[in-house]
Amino acid sequence: MDKGMTPSDELVDCEKRHLNYLRISITDRCNLRCLYCVPEGRIPKLAHDQVLSYEEILRLVKIGIRLGIRKVRITGGEPLVRKGVVELLGRLTRIRELEDVSLTTNGVLLASNAQRIFDAGIRRINISLDSLDRKKYSQITGYDHFDQVWTGIQRARDIGFGPIKINVVAMRGINDDEIVNFGRLSIDHPFHIRFIEYMPIGNSRTHSRDQTLTPEIQEKIATIGDLSPVENSNHDGPARRYRISGAQGEIGFISALSHHFCSHCNRLRLTADGKLRACLLSDHHEPLKEMLRNGGSDEQLAEIFHAAVRQKAAKHQFRPNGVTNVKAQMQGIGG
Ligand code: SAM
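Here the structure is a predicted model, which is why all the values come from computation and not from measurement.

What counts and how
Residues numbered from 1 in each chain as written. Predicted model: local features only at pLDDT ≥ 70, side-chain atom pairs only at ≥ 80, totals over all residues. Heavy atoms only, no water. Near = heavy atom within 4 Å. Polar contact = N/O pair within 3.5 Å; in protein donor to acceptor, adjacent residues only side chain to side chain. Areas by Shrake-Rupley, 256 points an atom, 1.4 Å probe, with all protein chains shown as cover. Helix = DSSP H or I, 4+ residues; strand = E, 2+ residues; numbered from the N terminus. Nonpolar A, V, L, I, M, F, W, Y, C, P; charged D, E, K, R; others polar. Buried < 20%, exposed > 50% of the residue type's maximum accessible area, 1.4 Å probe, protein only. Pairing = 2+ DSSP bridges. Right-handed = clockwise from strand over helix to strand, strands pointing away. Salt bridge = Lys/Arg side-chain N within 4 Å of Asp/Glu carboxyl O. Contact = heavy atoms within 4.5 Å. Core = buried A, V, L, I, M, F, W, Y, C linked by side-chain atoms within 4.5 Å. Arc of directions from axis to C-beta.

Undergrad: Summarise the site of the ligand; cite the residues concerned and give the values.
TA: Neighbouring residues of the ligand: 19 residues in total, closest Tyr-36, Gly-77, Glu-78, Ser-128 and Met-199. The contact in question runs from an oxygen atom of the ligand to an N or O atom on the side chain of Tyr-36, over 2.9 Å. Note that a nitrogen atom of the ligand is positioned 2.7 Å from one of the backbone N or O atoms of Met-199. The protein chains hide 94% of the 540 Å² of surface that the ligand would expose on its own. Of all elements in the fold, only β3 (100-105), β5 (164-170) and β6 (192-197) reach the threshold of two or more residues within the shell around the ligand. For the shell around the ligand, the per-class residue count stands at 7 nonpolar, 10 polar and 2 charged.

See the structure below:
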C-alpha cells in the first residue's frame, strides 16, 4: 500500500453512509439459468482475460481494507464453478482485518465442496433455492438439480455451517404457492429462509407484475404461526428477521422495493470484469481493471473506490411493480 493513506480515506458517501462491505462476483458463468435472472437465448460470456484473477481481486480487497472494508461476500455467476475458489476463500478468511467472509451459491456443487469450504474458514453461507418441488425447481432453473442442492444444504448443516440462509425469490404464479412450505421449513430446520423481492433488472424471463412483495408474503407466513421479530446483528444487512414461535430457524424479508433500505446501505459491488458499482439498482460503475493492469498505484486504485462512492445515490428510484432501466444482468453483478 502506498504511503500516505489515512483513516480519513474511509469510504463515506454524501449521505454519511460508511461503505464497509464489498460483494465480489468472481465469475459471470453459472450452471443454472433461473427464469428471473437469465434472459432468453445465449448470453455473451466474458473472455477469460476479461475476468479479474484471484491475485487482482486480493489486491483490491487489501486496498479496500485500507479504506474501511471489513466484510466480503463471494458471489457470481455461480462462484463454485470457478476453479480455485476454495483457495481464494481460505486466503480471504486469513486476512486479519476482515471481520466476515461469506459465500452465496446456488448449492449445485455444494455437497462435494462443503467440507473444504468449511475448512477454508467459511461459516456463513447463503444458498439460493426457489422451490421445494423437484419439477418446479427444474422449471425455474432449467436444470433437474433439486436433489443435489438439497443434499448440499443438508451436508452444510451437518458440517456445522451457520447460519445457513436460504434465499427465495418469490414470484406470482411461479412459486408463491410454496411460501407457506418455505415458512414451515424454518420450523423444522435451523435454516434462515429469506424472501427476496424480485428486482426487474437487465433482461430476464419474468416481469414486474410477477413480483410478490413482502406484505403479501408476510400475510401468508402468518397463517402458520405468530411471527416475532428477531434483533438484527452486525452481519444481517437489510433483512428484517422474524421467528415463527417454536421454530428452529428464522424468516427474513429483503424488501428492496416495498421497503427500501438505502439509508442503511453499506455495500459496494465488484463485478467479475473489474467494475465497481455503488448501487445494485444503478448502472453507474467505475472501471478498476484497466488501472489495475496498467501499473496503477494503490493510491490511484483507491481513488477509483472513492469515485464510485461519490456516485452512490441517496436512494434508488424504483417502485414496486415499476420497470427499471438497469441494463446489467444480475448474473454479472452477483445479487
Ligand atoms: N449463483 C449464486 C446464487 O444463485 O446464489 C450467486 C449469484 S445470484 C445472482 C445471487 C442472488 O441473486 C441469488 O439469491 C438470486 O436469487 C438473486 N437474484 C438474481 N436475480 C434476481 C432478481 N432479478 N431479483 C432479485 N434477486 C435476484
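From this point, the discussion proceeds with the structure in view.
Undergrad: Which residues make up the pairing of β5, and what are the values?
TA: Here β5 lies mainly inside the structure; 7 of its 7 residues are buried. Both β5 and β6 contribute to a ladder of 6 bridges, which runs parallel. Within the sheet, the bridge partner assigned to Asn-167 lies in β6 and is Arg-194. In this view, the connection linking β5 to its parallel neighbour β6 by way of helix α6 (residues 179-188) has right-handed handedness.

Undergrad: Explain the pairing of strand β2 (residues 71-75) residue by residue, including any values.
TA: Across the 5 residues that make up β2, a large majority, 5, are buried. Of the two faces of β2, the one lined by Lys-71, Arg-73 and Thr-75 and the one lined by Val-72 and Ile-74 are each fully buried. Strand direction decides the pairing type here: strand β1 (residues 21-25) and β2, joined by 5 bridges, are parallel. Along β2, the bridge assignment pairs Tyr-21 with Lys-71. Between the parallel pair β1 and β2, the chain is carried across by helix α1 (residues 54-66), and the sense of this crossover is right-handed. In this structure, β2 lies alongside β3, joined through 4 bridges in parallel fashion. From the neighbouring strand, Val-72 faces β3, where its bridge partner is Val-101. Taken together, β2, helix α2 (residues 85-93) and β3 form a β-α-β motif whose crossover is right-handed.

Undergrad: Describe unusual backbone geometry, listing the residues and the values that go with them.
TA: Note that the residue after Gly-162, namely Pro-163, is joined by a cis bond; omega there is -5 degrees. Along the chain, the position of Pro-163 falls in the loop between α5 (146-159) and β5. Of note, the phi angle at Lys-16 is positive, near 65 degrees, even though the residue is not glycine. Relative to the helices and strands, Lys-16 is located in the segment before β1. Its relative accessible area of 68% is what places Lys-16 among the exposed residues.

Undergrad: Tell me about the pattern of salt bridges, residues and numbers included.
TA: Applying the stated criterion to the full structure yields 18 salt bridges. The partner of Lys-220 in a salt bridge is Glu-216, and the shortest N-O contact between them spans 3.7 Å. With Lys-220 and Glu-216 both in helix α7 (residues 214-222) and 4 residues apart, the pair spans about one turn of that helix. Owing to a relative accessible area of 27%, Glu-216 belongs among the partly exposed residues under this scheme. Linked through salt bridges whose partners overlap, the residues forming this network are Lys-136, Asp-177 and Glu-178.

Undergrad: Tell me about the environment of Gly-64, and name the residues and values.
TA: Tracing the backbone shows Gly-64 in helix α1. A residue is classified by how much of its surface remains accessible, and Gly-64, at 0% relative accessible area, is buried. Counting along the chain gives 241 residues from Gly-64 to Phe-305, while the straight-line C-alpha distance between them is 7.8 Å. The residues contacting Gly-64, other than those within four sequence positions of it, are Ile-69 and Phe-305.

Undergrad: Summarise the nonpolar core; cite the residues concerned and give the values.
TA: Counting residues in hydrophobic clusters, the biggest one holds 102 residues, and the most contacted among them are Val-61, Leu-92, Phe-161 and Phe-195. What Phe-161 contacts, discounting residues up to four positions off in sequence, is Ala-114, Ile-117, Phe-118, Ile-122, Arg-123, Ile-125 and Ala-156.

Undergrad: How would you explain α6 if you had to name every residue and give the values?
TA: Taken as a whole, α6 has its buried residues at Ile-179, Phe-182, Gly-183, Leu-185 and Ser-186. Buried residues of α6, viewed axially, fall in a sector of 150 degrees; they line one side. Those residues of α6 that are buried are in contact with α5, β5, β6, α7, β8 (240-244) and β9 (250-254).

Everything listed is a geometric property; what it means functionally is a separate question.
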